[in-house]
Amino acid sequence: MSNNNPNFTEQQRNAALKIMDNLMSHPITKIFHDPVDPEKAPPQYFEKIKSPQNLKDITSRLKSGKIATAAEWLNDVELCWSNAESFNGTINKFFTMAATESRKIFNRLRRGTEFVPIKMWCNDVYNLQKSELKYARHAPRKVNAFAASLDSYRQLKSDDLVPLSNAELKNFIQATSLISSEETSRGLVRILSEMQPDIKKSNSTELWIDVTKLELSTVRALRDYLKAELEKQGDRYPE
């Protein structure tokens with residue numbers, strides 16, 4: 001068996017069996033207890049569903065050891081729900097709803113139960129960190145340029161910046177109303193989130209901001225970005 005998919009320990013198998021017992025005690029899961037009867041099933045059922053599953057068979061295979069890993073067990077249980085959703089869709093809402101609710105019950109029952117060995121978890125975290133570092137070191141030039149521009153503005157002290165006049169502030173506000181691209185709006189949000197995350201907390205691309213709360217370096221960065229983007233869309237920054 002692969003190290004990435006280790007066998008159940010006895011403790012884990014017993015925990016999984018207890019979860020299955022508790023799961024099957026919920027009335028809404030009853031329709032998933034037994035195999036689909038070929039004589040009663042719609043003719044196209046077994047054409048569409050290639051891996052039928054039911055909770056009693058899964059429990060039996062858990063007890064006998066035929067299900068060797070947590071990944072196999074979780075996959076087979078998930079197939080109970082996804083098969084019902086896939087076959088019934090919106091045609092038979094009862095089965096679809098039962099699958100959704102049964103999945104919630106199952107996920108709640110197994111919450112807090114340890115099925116991933118600590119060593120495996122540590123290896124996964126280590127590999128994830130390696131991947132993040134790799135991508136960070138090889139970011140596209142456009143991303144690096146954007147990050148560098150933010151760093152340059154962060155390094156400026158407010159004392160080194162000339163405050164915006166009322167006219168410049170008015171021009172800045174007017175410029176934001178000229179934005180015609182959602183991508184440009186997202187760019188403004190990114191700059192704001194990077195430079196003053198305390199102001200921009202939502203995921204919205206809408207910019208409802210009290211400009212008097214912006215630091216000068218933030219305003220300068222936003223203004224310069226706006227100038228460049230407005231020029232791309234054929235508009236001029238208000239002067």
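Analysis parameters
Residues numbered from 1 in each chain as written. Predicted model: local features only at pLDDT ≥ 70, side-chain atom pairs only at ≥ 80, totals over all residues. Heavy atoms only, no water. Helix = DSSP H or I, 4+ residues; strand = E, 2+ residues; numbered from the N terminus. Buried < 20%, exposed > 50% of the residue type's maximum accessible area, 1.4 Å probe, protein only. Contact = heavy atoms within 4.5 Å. Areas by Shrake-Rupley, 256 points an atom, 1.4 Å probe, with all protein chains shown as cover. Patch = residues over 30% accessible without salt bridge, like charges linked within 9 Å, V, L, I, M, F, W, Y side chains within 5 Å. Salt bridge = Lys/Arg side-chain N within 4 Å of Asp/Glu carboxyl O. pLDDT = per-residue confidence, 0-100. Phe/Tyr/Trp six-rings, centres within 6.5 Å; stacked < 30°, edge-to-face > 60°. Expected span 1.5 Å × (residues − 1). Bend = angle between axes of the 7 residues up to and from the residue.

Draft legend 1. Up close: the overall build of the protein. Secondary structure summary: the protein contains 10 helices and zero strands in total. Counted from the first residue to the last, the protein has its helices and strands arranged as α-α-α-α-α-α-α-α-α-α. Counting over 239 residues, the protein shows a buried share of 32%. Summarising the internal contacts of the protein: among those between residues at least 6 apart in sequence, 69% fall at separations of at least 24. For the protein, the exposed area adds up to about 16100 Å²; of that, 52% sits on carbon and sulfur atoms.

Draft legend 2. Quick look at a nonpolar patch on the surface. Residues I31, F94 and M97 make up a contiguous nonpolar surface patch of roughly 270 Å² in combined accessible area. Within the fold, I31 resides in the loop between α1 (10-24) and α2 (45-48).

Draft legend 3. Summary view of the environment of T69. If you trace the backbone, T69 turns up in the loop between α3 (55-64) and α4 (70-88). The class for T69 is buried, based on a relative accessible area of 0%. A C-alpha to C-alpha distance of 5.0 Å links T69 and F8, two positions 61 residues apart in sequence.

Draft legend 4. Layout of the confidence of the model for the protein. Within the protein, residue pLDDT values average 79, and 73% of them lie at 70 or more. Within the protein, helix α7 (residues 141-154) has the poorest average pLDDT of any element, 61, and α3 the best, 96.

Draft legend 5. Geometry of the packing of aromatic side chains. Evaluation of the coordinates by the stated rule reveals six aromatic pairs. With a centroid separation of 5.1 Å and 85° between ring planes, the pair formed by F32 and W81 is classed as edge-to-face. Of this pair, F32 sits in the loop between α1 and α2 while W81 sits in helix α4; the two residues are 49 residues apart in sequence, bridging distant segments of the chain. Judged by its relative accessible area of 8%, F32 is buried.

Draft legend 6. Just α4, in detail. Taking 1.5 Å per residue, 19 residues should reach 27 Å; α4 reaches 27 Å between its end C-alpha atoms and fits that length. At L79, α4 shows its largest kink, close to 30°. Where α4 is concerned, the buried positions are A70, W73, D76, V77, L79, C80, W81, N83, A84, F87 and N88. Looking at the buried residues of α4, the elements they touch are α1, α2, α3 and α5 (93-110). In the segment just after α4, G89 is the residue with positive phi, at about 50°.

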